[in-house]
Amino acid sequence: MNEVTVIIIDAAIKAAVMALVLLTGFAYMTYAERKVIAGIQVRRGPNRIGPLGLLQPAADGVKLFLKEDMMPTGADKLMFNLAPIITSIPALVIMAVIPVAPDWIVNGYTVRFVVADLNVGVLYLLAIGSIAVYGIVLAGWASDSKYSMMGGLRSTAQVISYELAFGLSMVGPMLLAQSMSLRDIVHAQEARGIWFMFLQPIGFLLFFITGLAELNRAPFDMPEAEQELTAGYFTEYSSMRFGMFFMAEYIKMIAVSGMVVTLYMGGYLGPFVNQFPPLGIAYFSAKVFFLLFTMIWIRGTLPRLRYDQLMSFGWKFALPVAMLNVLATAIVLVYVM
Amino acid sequence: MSTEILTTQYLPIAVTFIIATALCAFIVWASGNLGPKRNTDKKLMPYESGMTPIGGANRRIPVRYYLIAVLFILFDIEVIFFLPWAIALLQNGTSFAQFALAEMLIFTITLVVGYIYVWKRGALNWE
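First, a word on what this report is: a plain description of the structure on this page. (Residues numbered from 1 in each chain as written. Chains lettered and ligands numbered in written order. Predicted model: local features only at pLDDT ≥ 70, side-chain atom pairs only at ≥ 80, totals over all residues. Heavy atoms only, no water.)

Moving on: the packing of aromatic side chains. Two numbers describe a pair of aromatic rings. These are the distance of the centres and the angle of the planes. Residue and element names in this part refer to chain A. Tallied over the full model, the rule gives 22 aromatic pairs over all chains. Geometrically, the ring pair formed by phenylalanine 204 and tyrosine 264 is edge-to-face, given 5.9 Å between the ring centres and 65° between the ring planes. Taken together, the residues phenylalanine 204 in helix 9 (residues 201–214) and tyrosine 264 in helix 11 (residues 239–264) connect sequence positions 60 residues apart. For the pair phenylalanine 204 and tyrosine 264, a shared accessibility class is recorded, and that class is buried. Members of the aromatic cluster, each reached through a chain of ring pairs, are Phe26, Phe242, Phe246 and Tyr250. Across the ring face of tyrosine 307, the terminal group of arginine 154 is positioned such that the distance to the ring centre comes to 5.2 Å. (Phe/Tyr/Trp six-rings, centres within 6.5 Å; stacked < 30°, edge-to-face > 60°. Helix = DSSP H or I, 4+ residues; strand = E, 2+ residues; numbered from the N terminus. Buried < 20%, exposed > 50% of the residue type's maximum accessible area, 1.4 Å probe, protein only. Lys NZ or Arg CZ within 6 Å of the ring centre and 35° of its normal.)

Further remarks concern the environment of Met323(A). In this fold, Met323(A) is placed in helix 13 (residues 307–336). In the structure, Met323(A) is positioned 158 residues away from Ala165(A) in sequence and 7.8 Å away in space, judged by C-alpha atoms. Sequence-distant contacts of Met323(A), defined by excluding residues within four places in its chain, comprise Leu168(A), Glu78(B), Phe82(B) and Thr108(B). (Contact = heavy atoms within 4.5 Å.)

We now examine the layout of surface pockets. Quantified by volume, the largest pocket comes out at close to 1,100 Å³. Lining the largest pocket are 44 residues, and of these Thr30(A), Glu33(A), Arg34(A), Phe246(A) and Tyr250(A) lie nearest its centre. The set of elements that each furnish at least two residues to the lining of the largest pocket consists of helix 1 (3–40), helix 2 (56–66), helix 11 and helix 12 (279–301) of chain A together with helix 1 (3–34) of chain B. Take the lining of the largest pocket: its biggest share by element is 11 residues, from helix 1 of chain A. Looking at side-chain class alone, the lining of the largest pocket contains 24 nonpolar, eight polar and 12 charged residues. Estimates place the volume of the second largest pocket at around 780 Å³. Put simply, the parts of the chain that give the lining of the second largest pocket at least two residues each are helix 1 and helix 12 of chain A. For the lining of the second largest pocket, the leading source of residues is helix 1 of chain A, giving 13 residues. A breakdown of the residues in the lining of the second largest pocket according to their chemical character gives 24 nonpolar, three polar and three charged. (1 Å grid on protein atoms, 1.4 Å probe; cavity = no way out; pocket = protein on both sides within 12 Å on 5 of 7 lines; lining within 4 Å. Points joined across faces, edges and corners; volume = space filled by probe spheres on them. Nonpolar A, V, L, I, M, F, W, Y, C, P; charged D, E, K, R; others polar.)

From the geometry alone we can't say anything about function, so treat these as descriptive.
This is how it looks when you write it as structure tokens:
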């Protein structure tokens, strides 16, 4: 077997495992969200199917697949079918550059716990993250429904507005690590002996908040403002095509948590991780679970922002603060250290 | 770019994309074929809370959305400039670092002038 074949097989196995983990993660995120929100509201949540309702996601999945798939008469057929695919693909591939454990040397072979260690990993995250906007705008436009159109426009404006501060708050860790490779960023946090969230607290908070806005999560879940827009850009979708928008949102929650963990919370770092690298997966997952819980917690606690407040927060607060944060970091790095 | 970087770094990305695309295409195909098909004209009307829709949905769009899009392009270019600058800043000696920092400050100040203008003209207010 030549080298290229080995690389392809290796990547295919890792990508398949990643897709499986993400899909399972999606299924159980919906369950966890309902359980946690139920707990916050002093209810029980799903508890009928399987012990503690643990089989609920499977039942939901089967139900979604067996539902009637409808397409409105005026819809643009190609775009209507393409939109959920364009939304889901970036969600599934974005985790490919995030390392979940350090390299593990077994009998002279190096096992890398990352699908592809790109030297421009941060750029990849930004680029793939923005592709999802096309899915939103196409879904809104292709449905030929007024609710979808308005929801699509609103979320597109929201996502591109917050993209600026989101991108800028990735620059802080890059400046500190002097690399765009996510593995190097984790190594830099190891070398400094401190997570970047403590060196860059403003960047960390901005990154998390604008990440929520990028995800269209509460309190920025404007496109899904049920009381005004029914379901926003996926009003006309049914069956598993609706499920795919849902899937993209939850998988992107996992991906954004992974990004926050890698850039600001030390990635897979933890005690004894260099002695036994697979332990890194546990630390990484624990940090991601904590962030996911925080996202659900925020949804259960905070009311939704009004649209004008949302836009002015993005343009008048998040953008200038992110810019100042980057420049201040650079000045400190050049003149003080 | 050398072939080695292409194969070790970008080939796995391509493989991941292919697997993700196949998975998504399969889901769309399955959801289109597994469910029943009992369509009626009423069912296929765009949803408008029970009213019969008047006119199509692709009508004029408020100009604010275009404004946001144009502003996004302007400021996103700035973000893109920040990324390579952040990597190169500290790797070429102190005098280069001070020079690069001054350059970036001048660039940002130029943009901030435009930003203040846009803010004062009320382009960032949403009514």
